[in-house]
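# What the coordinates show
This is what each chain is made of:
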Amino acid sequence: MSTALERVMDAIDIETYLVCRDANEGRMLALKLGQELNLGDVDIMFEEFDGYGIRLRLRKYVHKPGSRYEWLNLSSNKNYQQGE
């Protein structure tokens, strides 16, 4: 049986709102959030500071272009084809 993480095609996105003083603090908190969630380094794909906090979209690449894609191996797996 495979894990859900093995079936991620490329990346995981997290969208959230963080209360902060300014955009710089928001970016620092966003990167810290990636570490606290055990995602390691995350990329900030979108940010919008509104005076009270920052709306963010963070991305953690599971498979970068040219990586070994686990999901390709699943397509030939008998259990995967049966929906397990």
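Above this note sits the structure.
Because the structure is predicted, anything quoted here is derived from the model rather than measured.

## Remarks on the overall build of the protein
Of the regular secondary structure elements, the protein holds 3 helices and 3 strands. Along the protein, from the amino end to the carboxyl end, the secondary structure elements read β-α-β-β-α-α. When burial is assessed residue by residue, the protein has 20% of its 84 residues classed as buried. Of all intrachain contacts in the protein linking residues separated by at least 6 positions in sequence, the fraction that spans at least 24 positions is 58%.

## Thoughts on the nonpolar core
Ranked by size, the top nonpolar core spans 8 residues in total: Leu 18, Cys 20, Ala 23, Ala 30, Val 42, Ile 54, Leu 56 and Leu 58. Element by element, the count of residues in this core is highest for strand E3 (residues 53–61), at 3 residues.

## With respect to helix H1 (residues 23–36)
The terminal C-alpha atoms of H1, which comprises 14 residues, lie 20 Å apart, in line with the 20 Å expected from a rise of 1.5 Å per residue. Along H1, the residues classified as buried are Ala 23, Glu 25, Gly 26, Ala 30 and Gly 34. The secondary structure elements touched by the buried residues of H1 are strand E1 (11–19), strand E2 (43–49) and E3. Asn 38 sits one or two residues past H1 and shows a positive phi near 60 degrees.

## Regarding a nonpolar patch on the surface
A cluster of nonpolar side chains, contributed by Tyr 17, Val 19 and Tyr 52, occupies part of the molecular surface with about 370 Å² of accessible area. As for its position among the elements, Val 19 is in strand E1.

## Details of the pattern of salt bridges
A complete count under the given rule lists 5 salt bridges for this structure. We note a salt bridge from Arg 59 to Asp 13, for which the minimum N-O separation is 2.6 Å. Remark: Asp 13 occurs in strand E1 and Arg 59 occurs in strand E3; sequence separation between them is 46 residues. Exposure remark for Arg 59: the relative accessible area of 21% places this residue in the partly exposed category.

What counts and how
- Residues numbered from 1 in each chain as written.
- Predicted model: local features only at pLDDT ≥ 70, side-chain atom pairs only at ≥ 80, totals over all residues.
- Heavy atoms only, no water.
- Helix = DSSP H or I, 4+ residues; strand = E, 2+ residues; numbered from the N terminus.
- Buried < 20%, exposed > 50% of the residue type's maximum accessible area, 1.4 Å probe, protein only.
- Contact = heavy atoms within 4.5 Å.
- Core = buried A, V, L, I, M, F, W, Y, C linked by side-chain atoms within 4.5 Å.
- Expected span 1.5 Å × (residues − 1).
- Patch = residues over 30% accessible without salt bridge, like charges linked within 9 Å, V, L, I, M, F, W, Y side chains within 5 Å.
- Areas by Shrake-Rupley, 256 points an atom, 1.4 Å probe, with all protein chains shown as cover.
- Salt bridge = Lys/Arg side-chain N within 4 Å of Asp/Glu carboxyl O.

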